[in-house]
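Inside the fold
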Amino acid sequence: MTAPRKRWPQLDHAALFSRFRIGTRLAAMMALAVAVTVVLAASGLHALAAANESLYMVHEGRMKPVRTLAQISLLMLANQQQLQMALGRTADGRSPSLDPLPARSAREAIEHNVQAIDRLWSEYATGPLGGQERALADTFASSRARYLGEAVMPALEALSTLSYHDTQRLAATARALYERAYPEIQALTDLQFQMAHAAYADGVQRYAHARWLAVSALLASMAVLSLLGMLLIRSIVHPLQAAQQVFQRIARGELNSPIVVQGHDEISELMTALRDMQTQLGAKEKAIHQLVYYDPLTSLPNRSLLKENVQAALAASARDDHHRALLLLDLDNFKAINDTLGHELGDAFLVDTADRLQQVVQPPHFIARIGGDEFVVLAGQLSADAATALAQAGLLADRLLAAVNGPCQLAGQWHHGSASIGICLFRRQDATMKDLLKRADTAMYHAKSAGRNSYCLFDPALQAQLETRTALEAALRGAMAAGELELHFQVQVNAERKASGAEVLLRWNHPAHGSVPPAQFIPIAEVSGLIHAIGTWVLQQACAQLKAWDAQPSTSHLELAVNVSAKQFCHPDFVAQVCGALDHAGANPRLLVLELTESLVLHDIADTVRKMQALRRRGVRFALDDFGTGYSSLSHLKQLPLHYLKVDGCFVRDIVTDPSDVAIVQTIVGMARNLGLRVIAEGVETEAQRHVLQGLQCPVFQGYLFGRPMPMPHFEERLGMPPPPSRSTPPSAVPVYMPATLSQEIP
C-alpha cells in the first residue's frame, strides 16, 4: 500500500488580503508599478529625446550649405536679369545709351547681390569642407572670380557710364560665365544633398534604435503592470463575486436573502451597505429619482428633467419681459474619438466634458445631456433688451466653448475638444420645447457649416437657407440629366497672344434658381456625394472636346486643363479612371493637363508621386495650381513630375506697382526655368500686367485681358473656327468612368 499523500493547507487569499484595505493594497502596488515604470522607461525616453535632438541638429547643420549655394546661384541669375532689364530701356534710339534710372537701379541691385554672394561664399568656403567638396569649391571659386572680374565688375562700370554696347557685351559674357559656373555650383549642391541625406539617414537609424529602446521599456513596464494587476485581481475577485451575487438577487427582487459579511476592507463595507439598502430600498426615493431624471453616465439631468425646467421657464417668461435662451451644444468630431479610441474612452471623454461644462453652468442656468454628444443649457433670466440678452447668451456660449476646449487625457494622450452651439432666444411663452430645440438645432447646424468651434444665433433666415440648400441639392441630382450643366472655357495664350490651351470651368443654369454660382453648388455636391458623377461628366466632356479639336489643324495643339480635387486624387482607382476616360474619348493624353493644389500633392507625397508617374507615362501632364499661396516644400517639389507652375492671381494683381510681387514672380519664373517647368500667370487683366510678366520671361498668360470664360461655341468663334455641327448625344448619355474635377472659382 502506498502512503497517503500529505495534504497541505490551502491558502485563503481572500481572507488574507481582506485584512488590508483595498486603498492600502492599491497604493502599495501602484507605488511599486510607478517605480518599475520609471526605471524601465526613463532610459528609453532619455535616449529617444537625445536621438531626436541629434537628428534635428544633423539635419539643420547639413541643409544650411545647400541653402547657401542655392542663394548664390539665384543671386548670380538675378544679376543677369538686372542687366537685361537695364538693356531694355535706352535714352536715345539713334545712338543707344542706357536710361540712367534703370541703369542705376540695376547697378545698385548688382552691387548688393555681389556683396551678398561674397558674404555667402565666404561663410561657405570657410566652413569645414571634405576633400571632394574642397576640390569642387576651389573650381567654383575660380569660376566665380572670373565671373566677377571679367563680367560683373566691368558691367558695373559700363552701367555707370551708361554704355549700351559695353553693357550688352558684358551681359553676354556674364551669361556665358554663369552658364559655365552653374554646373560647378550644381555639383556642389548635389554633393551637399548627398552628404545631408547620408547624415540624415544615420540620424534616422539612431532615432529608430532609440525609439525601439523606448518602446521596449514601455512594453516591459506594461508587462510589470499587468502582473501587478493580476495580483490585485486575485486579492479582490472573491469578494467581488460575492457582491455580484448579491446584486443579482436584488435585481431579481429577492430582498430577504441574507447577506454574509466577511473581512474589514472596502468590499466588506460595501456588503454591509448593501445589507442596509436591502432593508430600506422602499424608502430610497432619491435613488429612484436619480434614475428617472439624471443621465447615468455623466450624472447630469436628462431630457425628462430638462422638459420640466423648460416648461417652467416658458411659464415664467409669460409673466415678465425678460428673455431666456436655449443653447444646444454638440461636440465636434466626437465620432472620431469613439472610432479610434473605443466607446469606453469616448464615455470617459463625455464624463470629463460634462464635469467641465457643469463648472461653467451655475444657477440660475441649467444644463442637461439629452443623448449622445449633445448637451442643452437653459439660460436663466436674461435682459429684456434683445441685443443685451444676445450678448449675455454669447458670453455664456464663449465660456462653454472654452470649457470644451480644455485638455482631457485619454489613453495617455491629451485631447482638446471643440463644439458647435446653436442659440435660441425666447420670451413670453412664444414656443414649445420642441420648437426651441428645432430652432437651436438649425442654428447649431449653421455653426458647424461655418467651420465649427463656434456658436450661432437662430434666425428665421437660417431656416430659409437650410430649405434653399435642400432644394438646391434635390435640383442638382437631376441637373445632368436635364442638361442644365454647361462647360465654359477660358483661353490661355503665349507671348505672341496665340492660344495655347484653355481651362475648363463648370456652370449650372437652373430654370427656377437661375445661374447658380459654383461656390454655392460645388460644396453641396461634395457633401452629398454628387461631385463624383458630376466630375466624371466634366472630365469626359473635356476629353471629348480634345478629340474634336484634334480634327482641326488650327486647334489640334490646344491643351485643356481640368482641376483635380483631393478626394478624387486619393481614390485608389484614380489612375485607372483617368486612363479609362481618355480611352473612351480617344483623346490625346499629352493635351490633357490635370491641375493639382499644393495641399493635395503634399498630403501623401509617396502616393502622389506614384500616381503622377503612372499618368505621366501615359502622357498626361500636370500643373501645380495657385503656386506660392500655400506651403511649398522645394525638397518635395523636385520629386513631382510637373510640367507647369501656375502663378496665383494675387501676385499678378499689383505687379505693376508692388516690387514685392515682381520679385516673387521673378523668383518663381527663375526657379521653374531651372527645374525645366513652364509658368502660367493667372488673373492677367491689363496690358501693363502682361508687359511686366513678359519682361520677367513668363511664357503663358490667362485672364480677362485675353478672354472671359465662355461656352464652347463662343470660345471656338473667338479662335476663328467655323461653327461645329450640332451634337446629337445628350449629356446624360455619356457613360461614367471617374470622379472628375470642378473649378470652384467664380470669374
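As a starting point, this report considers the structure included with it. This one's a predicted model, so the numbers in the text were calculated from it and none came from an experiment. The numbering scheme is per chain: residues are counted from 1 as the chain's sequence reads. Local features in this predicted model are restricted to residues of pLDDT 70 or higher, and side-chain atom pairs are both shown and tallied only at a pLDDT of 80 or more, whereas totals for entire chains, interfaces and linings draw on every residue. Excluding hydrogens and water, the side-chain figures rest on all heavy atoms present in the structure.

**Thoughts on a nonpolar patch on the surface**
Residues enter patches when their relative accessible area tops 30% and they take part in no salt bridge; the joining distance is 9 Å for like charges and 5 Å for the nonpolar side chains Val, Leu, Ile, Met, Phe, Trp and Tyr. What sets the accessible areas is the Shrake-Rupley method with a 1.4 Å probe; for residues, cover comes only from the shown protein chains. When a carboxyl oxygen of Asp or Glu is within 4 Å of a side-chain nitrogen of Lys or Arg, the pair counts as a salt bridge. There is a patch of nonpolar side chains on the surface, built from Val215, Leu218, Leu219 and Met222 and spanning about 360 Å² of accessible area. Strands are runs of DSSP state E lasting at least two residues, helices are runs of H or I lasting at least four, and both sets are numbered from the N terminus onward. Its place among the elements puts Val215 in helix α5 (residues 164–251). Each residue's exposure class comes from its accessible area (1.4 Å probe, protein chains only) as a fraction of the maximum for that residue type: buried when under 20%, exposed when over 50%, partly exposed otherwise. Assessed through its relative accessible area of 40%, Val215 is described here as partly exposed.

**Focus on the packing of aromatic side chains**
Between 30 and 60 degrees the pair is tilted, below 30 it is stacked and above 60 it is edge-to-face, where a pair is any two Phe, Tyr or Trp rings, Trp via its six-membered ring, whose centres lie within 6.5 Å. Within the structure shown, the criterion is met by 7 aromatic pairs. Between Phe489 and Phe715 the ring centres are 5.9 Å apart and the planes differ by 35°, which places this aromatic pair in the tilted class. In this pair, Phe489 is assigned in strand β8 (residues 485–494) and Phe715 in helix α24 (residues 712–718), connecting sequence segments 226 residues apart. Of the two residues, Phe489 and Phe715, neither departs from the other in class, the shared state being buried.

**Regarding the sheet that holds strand β2 (residues 366–371)**
Two strands qualify as a pair provided that DSSP identifies no fewer than 2 bridges between them. The strand order across the open sheet formed by 5 strands is β2-β3-β1-β6-β7, and the pairing between neighbours is mixed. Strands at the two margins of the open sheet, each flanked by one partner only, are β2 and β7 (454–457). Mean inter-strand twist for the sheet, computed between neighbouring axes without regard to direction, equals 20°. Note that strand β1 (residues 324–331) and strand β3 (residues 374–379) share 6 bridges and pair antiparallel. For Leu329, the partnering residue across the bridge sits in β3 and is Phe375. Strands in contact with helix α12 (residues 433–449) are β1, β3, β6 (419–426) and β7; relative to β6, the strand with the most contacts, it is inclined by about 140°. Note on geometry: axes are C-alpha line fits, over the in-contact stretch for helices, and angles between N-to-C directions span 0 to 180 degrees. Contacts are assigned to residue pairs with any non-hydrogen atoms lying within 4.5 Å of each other.

**Section: the packing of helix α10 (residues 343–360) against helix α11 (residues 386–404)**
Running from N to C, α10 and α11 point in directions that differ by 150°, and their axes come no closer than 9 Å. Classed by the angle they form, the pair α10 and α11 counts as roughly antiparallel. With respect to the hand of their crossing, α10 and α11 are arranged in right-handed fashion. Here α10 contributes Thr353, Arg356, Leu357 and Val360 to the contact with α11, which in turn contributes Leu396, Arg399, Leu400, Ala403 and Val404. Every angle not falling under 35 degrees, over 145, or within 65 to 115 is termed oblique; those three ranges are roughly parallel, roughly antiparallel and roughly perpendicular. Each helix crossing is assigned a hand: it is left-handed if the near helix lies turned anticlockwise from the far helix by less than a right angle, otherwise right-handed if that turn is clockwise.

**A look at the pairing of strand β12 (residues 592–596)**
Moving residue by residue along a regular strand, the side chains alternate between the two faces of the sheet. Burial analysis of β12 places 5 of its 5 residues in the buried class, the great majority of the element. As paired elements, strand β11 (residues 559–563) and β12 share 4 bridges and run parallel to each other. The partner of Leu560 across the bridge, within β12, is Leu592. Pairing of β12 with strand β13 (residues 621–627), which is carried by 4 bridges, proceeds in the parallel orientation. Of the residues in β13, the one forming a bridge with Val593 is Arg621.

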